[in-house]
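Chain residues, written in single-letter form:
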Amino acid sequence: MTTITIIDGRDTQDLIARVTAMLADGPVQVKLSGKKARSMSQNNLAHLWFGEISKWLTGHGRDFATPEWCKNAMKHTFLGYDDVFDMDVITGISTRRQELRHTSKLDVGEMKLFMDQVYHWCLEKELMLTIPEDCEYDRLRKEELGI
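### Comments concerning the packing of aromatic side chains
All told, the structure shown has three aromatic pairs when counted by the stated rule. Here a set of aromatic residues connected by ring pairs shows up, and it is made of Trp49, Tyr119 and Tyr137.

Below, the structure written as structure tokens:
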């Protein structure tokens, strides 16, 4: 996958040229994303939720479900994995491995979607998660609902 960062209007010609070249090989999938990284408000709320999920799961006999385990389980379920390439500096051999996607690399919208998925999973389990009124997740949720 190729990532192109557009800083201003001068970079659009490069984008057009690259897409045009890629089209020679067939259809192209384009993902546009504002690069405003997920906010600290979103991150803090997600960690609060992982603690609440952990408490709920351990109360239901799953003693292994630490907040960190819950975070990784939710990322595994809803975010998936990125391919990571490592190179041995002596042999020059490159190997590929997969690692859980990092929430720190999500933009605000991607983090909102991830949090929506976690929230709805919890609702299905009848676990009500905390949503403080002054947090960004609540603001984005209300904006999306037109409230």
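Alright, that's what it looks like, and here's the rest.
### As for helix α4 (residues 108–124)
Every α-helical turn comprises 3.6 residues, leaving residues that sit three or four positions apart pointing alike. The end-to-end C-alpha distance of α4 is 24 Å, a good match for the 24 Å that 17 residues give at a rise of 1.5 Å each. Regarding α4, the residues found buried are Val108, Glu110, Met111, Lys112, Phe114, Met115, Asp116, Val118, Tyr119 and Cys122. Close packing links the buried residues of α4 with α2 (40–59), α3 (67–78) and α5 (136–145). The N-capping residue of α4, defined by a side-chain oxygen 3.0 Å from the backbone nitrogen of Gly109, is Asp107. One or two steps after α4, the chain reaches Glu126, where phi turns positive at roughly 65°.

### Some points on the environment of Asp88
With respect to the helices and strands, Asp88 occurs in the loop between β1 (81–87) and β2 (94–100). Polar contacts involving the side chain of Asp88 include one to the main-chain amide nitrogen of Ile90, which spans 2.8 Å.

### With respect to the pattern of salt bridges
For the coordinates displayed, the defined rule picks out 10 salt bridges. Between Arg101 and Asp82 there is a salt bridge, and its shortest N-O distance comes to 3.9 Å. One end of the pair, Arg101, is in the loop between β2 and α4; the other, Asp82, is in strand β1, and 19 residues separate them in sequence.

### Brief notes about the nonpolar core
With 21 residues, the main nonpolar core has Trp49, Ile53, Phe114, Val118 and Leu129 as its most contacted residues. Looking at this core, the elements with two or more residues in it are α2, α3 and α4. The contacts of Leu129, once residues within four sequence positions are left out, are Trp49, Glu52, Ile53, Val118, Tyr119 and Cys122.

What counts and how
- Residues numbered from 1 in each chain as written.
- Predicted model: local features only at pLDDT ≥ 70, side-chain atom pairs only at ≥ 80, totals over all residues.
- Heavy atoms only, no water.
- Phe/Tyr/Trp six-rings, centres within 6.5 Å; stacked < 30°, edge-to-face > 60°.
- Helix = DSSP H or I, 4+ residues; strand = E, 2+ residues; numbered from the N terminus.
- Expected span 1.5 Å × (residues − 1).
- Buried < 20%, exposed > 50% of the residue type's maximum accessible area, 1.4 Å probe, protein only.
- Contact = heavy atoms within 4.5 Å.
- Polar contact = N/O pair within 3.5 Å; in protein donor to acceptor, adjacent residues only side chain to side chain.
- Salt bridge = Lys/Arg side-chain N within 4 Å of Asp/Glu carboxyl O.
- Core = buried A, V, L, I, M, F, W, Y, C linked by side-chain atoms within 4.5 Å.

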